[in-house]
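Residues per chain, in single letters:
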Amino acid sequence: MPRDRTPLIQKIAQQASLSFKDCLSEDNGDHKPLPDQHEQLLSLVNALRAADLKLAPRKSSSSSSSRPGTDGAQNPPVTYMHICETPVFSMGVFLLRSGASIPLHDHPGMNGMLKVLYGKVSVRCFDKLDSEGVAPPAFEPPLSHSDVPSLCRSMLRCVSEYSPSSTACLLTPQRDNLHQIQALGGPAAFLDILAPPYDPDNNRDCHYYRVLQPSAPSSEGPEETWLLEIPQPEEFSCGGQVYSGPPVTV
Ligand SMILES: [Fe+2]
């Protein structure tokens, strides 16, 4: 039997097309992937290593380096290597400098898979909670009235560390949908699959959040957390980088 020479990343793209193909259908309001296909996708993604994409950690992680990002910005803390995008899913690699962080953000109505390729990242995940009829507590420092519509009641779900030997970190429209990602102890890179992709014209824009500090402990327990939607933080920028791994066609 001839050996299958299809690159793993191409298999992942094909399988993602199958797994998520019904996510946008009208009778799939929760945007759920197909379970059997999703299991296959997960096992392919869990097998992916940096070498499969011809990726290696950057030699210098020094913040004094003046190497410009490929988008012309000086030294962006994070760069994104776009691999492919269809109406069903998007796929790319985020590369984080040592200590860099992707601020807390959401993926409205989307599924996600994050697989670390090198380095180590800490992922802090939140769920949005229903805030109907729940009065927010007082915060330190106090919020202004104009901030109240941007408040979001949530729950800290987990803080977990991922390395290349870890299985993929998953998110769904309902669970672990908000996250903050930080590179620990050096540069890091992870494959990111989102389904369906971000699309501001269809209520799938990316929003950023700040965790608020209540001035007294929450009566709902330590899990309840209030977030404030904020503009993209100034200290965060994401440059572009050309993908140089095996070609992917979907
Ligand atoms: Fe994300």
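Our subject is the structure that appears above.
Please read all numbers here as calculations on a predicted model, not as lab measurements. (Residues numbered from 1 in each chain as written. Predicted model: local features only at pLDDT ≥ 70, side-chain atom pairs only at ≥ 80, totals over all residues. Heavy atoms only, no water.)

Peer 1: Is there a simple way to explain the pattern of salt bridges in this structure?
Peer 2: It is possible for side chains bearing opposite charge to pair when their charged atoms get close. Scanning the entire structure with this criterion turns up six salt bridges. Across the pair Glu224 and Arg153 runs a salt bridge whose closest N-O atoms are separated by 2.6 Å. Of this pair, Glu224 sits in strand E9 (residues 224–230) while Arg153 is found in strand E5 (residues 151–162), placing the two residues 71 residues apart along the sequence. According to the relative accessible area criterion, Arg153 is buried, its value standing at 12%. The residue Arg157 makes a salt bridge to Asp176 at a minimum N-O spacing of 3.0 Å. Residue Arg157 is found in strand E5, and its partner Asp176 is found in the loop between strand E6 (169–171) and strand E7 (178–195); the two are separated by 19 residues along the sequence. The buried category is assigned to Asp176, whose relative accessible area is 12%. When salt bridges with common partners are traced through the structure, they connect Asp127, Arg157 and Asp176 into a single cluster. (Salt bridge = Lys/Arg side-chain N within 4 Å of Asp/Glu carboxyl O. Helix = DSSP H or I, 4+ residues; strand = E, 2+ residues; numbered from the N terminus. Buried < 20%, exposed > 50% of the residue type's maximum accessible area, 1.4 Å probe, protein only.)

Peer 1: Looking at this model, I keep getting lost on the coordination of the iron ion. Mind explaining?
Peer 2: Tetrahedral coordination by four donors sets the ideal angle at the metal to 109.5 degrees; octahedral coordination by six donors sets it to 90 or 180 degrees. The protein atoms that coordinate the iron ion are His105 (NE2), His107 (NE2) and His179 (NE2), at distances of 2.1 to 2.2 Å. Counting along the primary sequence, the residues that act as donors to the iron ion give the motif H-x1-H-x71-H. Of this pair, His107 sits in the loop between strand E3 (101–105) and strand E4 (111–128) while His179 sits in strand E7, and the two are 72 residues apart along the sequence. Each member of the pair, His107 together with His179, is buried. (Donors = N, O, S within 2.8 Å, 3.2 Å for Na, K, Ca; no water.)

Peer 1: What's the story with the nonpolar core in this structure? I'm lost.
Peer 2: Side chains of nonpolar character tend, in soluble globular proteins, to be buried together. With 31 residues, the main nonpolar core has Ile9, Met91 and Val93 as its most contacted residues. Looking at this core, the elements that each hand over two or more residues are helix H1 (8–19), helix H2 (35–47), strand E1 (78–85), strand E2 (90–96), E4 and E7. Examining the composition of this core, we find that five residues originate from one element, H1, more than from any other. Residues in contact with Val93, not counting those within four places in the same chain, are Leu53, Leu55, Thr79, Tyr80, Met81, Ile83, Leu117, Ala189, Phe190 and Leu191. If you look at the next biggest cluster of nonpolar residues, it comprises 18 residues, including Ile102, Tyr162, Tyr208 and Phe236. (Core = buried A, V, L, I, M, F, W, Y, C linked by side-chain atoms within 4.5 Å. Contact = heavy atoms within 4.5 Å.)

Peer 1: So what exactly am I meant to see when it comes to the environment of Ala188 here?
Peer 2: By secondary structure assignment, the location of Ala188 is in strand E7. Measuring from C-alpha to C-alpha, the distance between Ala188 and Leu24 comes to 32 Å, with 164 residues separating the pair along the chain. For Ala188, the residues in contact, after removing those within four places along its chain, are Phe94, Leu95, Leu96, Tyr118, Gly119, Lys120, Val121 and Ala183.

Peer 1: Help me understand H1 in this model?
Peer 2: The periodicity of an α-helix, 3.6 residues per turn, causes residues three or four positions apart to be oriented the same way. Between its terminal C-alpha atoms H1 stretches 16 Å, which fits the 16 Å expected from twelve residues at 1.5 Å a residue. When we look at burial in H1, the residues that qualify are Leu8, Ile9, Gln10, Ile12, Ala13, Gln15, Ala16 and Ser19. In this fold, the buried residues of H1 make contact with H2, E1, E2 and E7. (Expected span 1.5 Å × (residues − 1).)

Peer 1: Would you explain the pairing of E4 in this entry?
Peer 2: It is a general feature of regular strands that their side chains alternate between the two faces of the sheet. Extensive coverage of E4 is indicated by the burial of 14 of its 18 residues. Looking at chain direction, E4 and E7 are connected through 14 bridges and run antiparallel. Residue pairing for E7: Tyr118 is matched across the bridge by Ala189. Two elements, E4 and E6, share three bridges in a ladder whose sense is antiparallel. Paired with Met113 across the strands is Leu170, a residue of E6. Relative to E5, E4 runs antiparallel, the two being bridged by eight bridges. The residue bridging Asp127 from the neighbouring strand is Met155, located in E5. (Pairing = 2+ DSSP bridges.)

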